[in-house]
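# Understanding the architecture of this molecule
The residues making up each chain are set out below.
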Amino acid sequence: MYYRNLCSAFLVIGTFSLACVTTAVAEEIASVAARPTTAKPLLIGNWADPSIVKDGDDYYMTHSSFDYQPGLLVWHSKDLQTWRPISRAVVNHQGSIWAPEMIKHDGLFYIYYPASGGNFVVTAKHPKGPWSAPKSLSVKHIDPGHVVDKEGKRYVHLSGGRAAELSSDGLRTVTEPKKVYKGWPIPADWPIECPCLESPKLNKRGDWYYLTSAQGGTAGPATSHMVVSARSRGPLGPWENSPHNPIIRTWDRDETWWSKGHGTLVEGPRGNWFCVLHGWRNGFASLGRATLIEPIEWTEDGWFKVADRWPEGWDKAVKIEMPLADEFDSDKLGIQWQFHRHYDPKRFKLAEGSLTLKAAGTHAGDSMPLCVMPLDRAYEIETEVEVDGGTTAGLVLFFSPEVYVGMAISSDGVVRRIQKTIKRYGWTAEPKIDRKKVELRIVNDKQDIRFYYKDSAGDWQIIQPSLEISSTHHNALGGWHAVRPGLFTTGKGQARFSHFRYRPLDGTSLSAVNAQAAKPEQADGEKD
């Protein structure tokens, strides 16, 4: 049968890639109607590229950890609504860690992840660890996705619709990757960042293998990213695209969550199914991509789509059992902490109720600051810090080595504002307090930033000017970074921090966000 070819061009990294579809396919995508759906946040902050695995009544989840060490934080839940961190799977892997895949096979847990231009895997008998040293899969591309066929052969799917066979132990590839899936034909007039076929996640249900992928680009326009589905009788295809594609997408920039995509299917408690994905909070891109969840239902003909109703119990707030504050009264660094780029246990000491942090670098950007991931849109942080001679130390809102803002005490007894790239006004107050110990506070009030220090009378004093940092995000600055609060020490000596306090501001906590979300019997487009 003759089909007239319809071709559309997409701009991809400076070159044009020609995508041609038949009239039959064109009619299919032309009939796609907008169907906004409600996402609820599981984790606010830069918890991008979630991967989740069900093991009996337990659920384990991990995310991209990018340039922070230790990396690959593993979370545990019994109900998908209460989450607690239990381990970090990687320490000081060279390169930025993206888009992991966590699975269980033959009694062993695996985390596959891309970094440094290749793909790697770590294993553990239990997600609490200990985790093995990384092993290279000897294959390029990104976003690995694991699947096993009926004969027990193992495969890894990769970005661009590629797949390669794995060794029986799952620790290396034994074939070169080949193209097995072309993706879903995105309508030519949809605003997207790029075609970007990635995030292959596979499930087997009955006699069908389901391939859940991301397309459209994870940044760029609000409507760019999307979750698409295809199914096949085998793990390598041929693949039939779902009539419900895109399964999930941001259809309008007025929706609460932008660029929803990178989805993984999981069967939840009581047989309810969900898609765990990520997205940018509308107006709060400085936080990075949050982990989201949407309910899924299976159709009579064996496809899945977003459910019309939320299951019972999802009107309750999600609970995150990871305090970000720290009184430094333990002999171990809390699991909430990560150093930028390198974890060096010889650089810090916990004793007598304080954290001693040796100086590194010449400014806050190259000091490899110690950071936490914020869980709120608005919060304040405080510390009391004492510095040695030749040292500057304090609080920082850290985006990257080239983009940050904060405040510090120097050994000359001056409280200074420190910042880079973010606009500096013609004047900045820098009070001289004639001491090397001070309490500092930074308030991030929905991206409006205020700075305070405590004077000798014990009163908080504001340091002007205040700032606004809503443009501090990937679309403007690149790098997949997000604003993180933390501590830094730079210069020649060391600094002692007596505590780190983190307090959500009223109405912006994860509990408040979920309390304002749609009721369980509704799944309409979420707007606020």
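Throughout what follows, the structure given in this document is the object of discussion.

This brings us to the packing of aromatic side chains. For any two aromatic rings, the description comes down to two numbers: the centre-to-centre distance and the angle of the planes. A complete count under the given rule lists 18 aromatic pairs for this structure. Where Trp190 meets Trp251, the ring centres are 5.5 Å apart and the plane angle is 75°; that geometry is what we call edge-to-face. Residue Trp190 is found in the loop between strand S16 (178–179) and strand S17 (198–205), and its partner Trp251 is found in the loop between strand S21 (248–249) and strand S22 (257–267); the two are separated by 61 residues along the sequence. Comparing Trp190 with Trp251, the two get one shared label, buried. Ring pairs connect the aromatic residues Tyr210, Trp273, Trp298 and Phe304, which therefore count as one cluster. Over the face of the ring belonging to Trp310 we find Lys40, whose NZ or CZ atom lies 4.9 Å from the ring centre.

On to the environment of Ile186, then. Among the structural elements, Ile186 can be located in the loop between S16 and S17. When its relative accessible area of 8% is taken as the criterion, Ile186 is described as buried. Sequence separation between Ile186 and Pro246 is 60 residues, and the spatial gap between their C-alpha atoms is 8.9 Å.

To continue, consider the layout of surface pockets. If you add up the space inside the second largest pocket, you get close to 560 Å³. In terms of lining, the second largest pocket is formed by 21 residues, of which the most central are Val53, Ile103, Leu202, Asn203 and Lys204. Mapped by element, the contributors of at least two residues to the lining of the second largest pocket are strand S4 (51–55), strand S9 (101–105), strand S13 (145–148), S17 and S22. No other element matches the 5 residues that S9 contributes to the lining of the second largest pocket. Partitioning the lining of the second largest pocket into residue classes produces 11 nonpolar, 4 polar and 6 charged.

A few words on the state of the cysteines. For the structure on display, the rule yields 1 disulfide. Disulfide partner of Cys194: Cys196, at an S-S distance of 1.7 Å. Here Cys194 and Cys196 share a disulfide; its torsion about the S-S bond, -110°, makes the bridge left-handed. Exposure remark for Cys194: the relative accessible area of 11% places this residue in the buried category. Accessibility expressed as a relative area gives 26% for Cys196, which makes it partly exposed.

With 62 residues, the main nonpolar core has Trp75, Trp83, Val385, Val415, Phe497 and Phe500 as its most contacted residues. Apart from the residues lying within four places of it in its own chain, the contact partners of Val415 are Met407, Ala408, Ile409, Glu430, Pro431, Ile433, Val438, Leu440, Tyr453 and Ile463. One finds Tyr155, Ala163, Tyr181 and Trp190 within the second-largest nonpolar core, a separate group that totals 18 residues.

This brings us to the sheet that holds strand S10 (residues 108–115). Strand order across the open sheet formed by 4 strands is S9-S10-S11-S12, with antiparallel pairing between neighbours. Looking at which strands have only one partner, the edges of the open sheet turn out to be S9 and strand S12 (135–136).

Right, let's talk about unusual backbone geometry for a bit. Put simply, Gly237 and Pro238 share a cis peptide bond, and its omega is 5°. Tracing the chain through its elements places Pro238 in the loop between strand S19 (226–232) and strand S20 (240–241). Omega for the peptide link from Gln464 to Pro465 comes to 5°, which places this bond in the cis form. Along the polypeptide, Pro465 turns up in the loop between strand S37 (460–462) and strand S38 (467–468). For Arg270, which is not glycine, the phi dihedral falls at a positive 60°. Here Arg270 shows up in the loop between S22 and strand S23 (273–281).

Quick look at the pattern of salt bridges now. All chains considered together, the criterion is met by 19 salt bridges. Across the pair Glu294 and Lys260 runs a salt bridge whose closest N-O atoms are separated by 2.8 Å. One end of the pair, Glu294, is in strand S24 (residues 289–298); the other, Lys260, is in strand S22, with 34 residues separating them in the sequence. By the burial criterion, Glu294 is buried, and Lys260 matches it. Across the salt bridge formed by Asp388 and Arg496, the nearest N and O atoms sit 3.0 Å from each other. Here Arg496 lies in strand S40 (residues 494–504) and Asp388 lies in the loop between strand S31 (378–387) and strand S32 (391–400), a separation of 108 residues in the sequence. On the basis of relative accessible area, Asp388 is assigned to the partly exposed category, the value being 24%. According to the relative accessible area criterion, Arg496 is partly exposed, its value standing at 26%.

This next bit is on the environment of Pro431. Its location among the elements puts Pro431 in the loop between strand S34 (415–420) and strand S35 (437–445). Once residues within four sequence positions are removed from consideration, Pro431 is found in contact with Gly413, Val414, Val415, Tyr453 and Ile463.

So, how was this worked out
The residue count restarts for each chain, going from 1 along the sequence in the order it is written. With pLDDT at 70 or above as the cut-off, local features in this predicted model cover only qualifying residues; side-chain atom pairs require 80 or more to be listed or tallied, and sums for whole chains, interfaces and linings still use all residues. To obtain the side-chain values, all non-hydrogen atoms of the structure were used and water was disregarded. Ring pairs are drawn from Phe, Tyr and Trp, using the six-membered ring of Trp, whenever the two centres fall within 6.5 Å, and their geometry is named by plane angle: stacked under 30 degrees, edge-to-face over 60, tilted for the rest. Secondary structure counts use DSSP, requiring at least four H or I residues in a row for a helix and at least two E residues in a row for a strand, with both numbered from the N terminus. Accessibility here uses a 1.4 Å probe with only protein chains present; expressed as a share of the type maximum, an area under 20% marks a residue as buried, one over 50% as exposed, and anything in between as partly exposed. Any Lys NZ or Arg CZ that is within 6 Å of a ring centre and within 35 degrees of that ring's normal is treated as a charge sitting over the ring. The definitions used throughout rest on a 1 Å grid laid over the protein atoms alone, on which a cavity is an enclosed set of points accommodating a 1.4 Å probe that cannot get out and a pocket is an open set flanked by protein within 12 Å on both sides along at least five of seven lines; lining residues are those having an atom within 4 Å of a point. Grid points are joined across faces, edges and corners, and a volume is the space filled by probe spheres set on the points. Residues are sorted three ways: Asp, Glu, Lys and Arg are charged, Ala, Val, Leu, Ile, Met, Phe, Trp, Tyr, Cys and Pro are nonpolar, and all the rest, Gly among them, are polar. Our working definition of a disulfide is a cysteine sulfur pair at a distance within 2.5 Å. Within this scheme, the nonpolar core is defined by two criteria: the residues are buried Ala, Val, Leu, Ile, Met, Phe, Trp, Tyr or Cys, and they are joined through side-chain atoms within 4.5 Å. The contact definition used throughout considers only heavy atoms, calling two residues in contact when any of these lie within 4.5 Å. Pairing between two strands requires that DSSP report at least two bridges joining them. Should a side-chain nitrogen of Lys or Arg be within 4 Å of a carboxyl oxygen of Asp or Glu, the pair is scored as a salt bridge.

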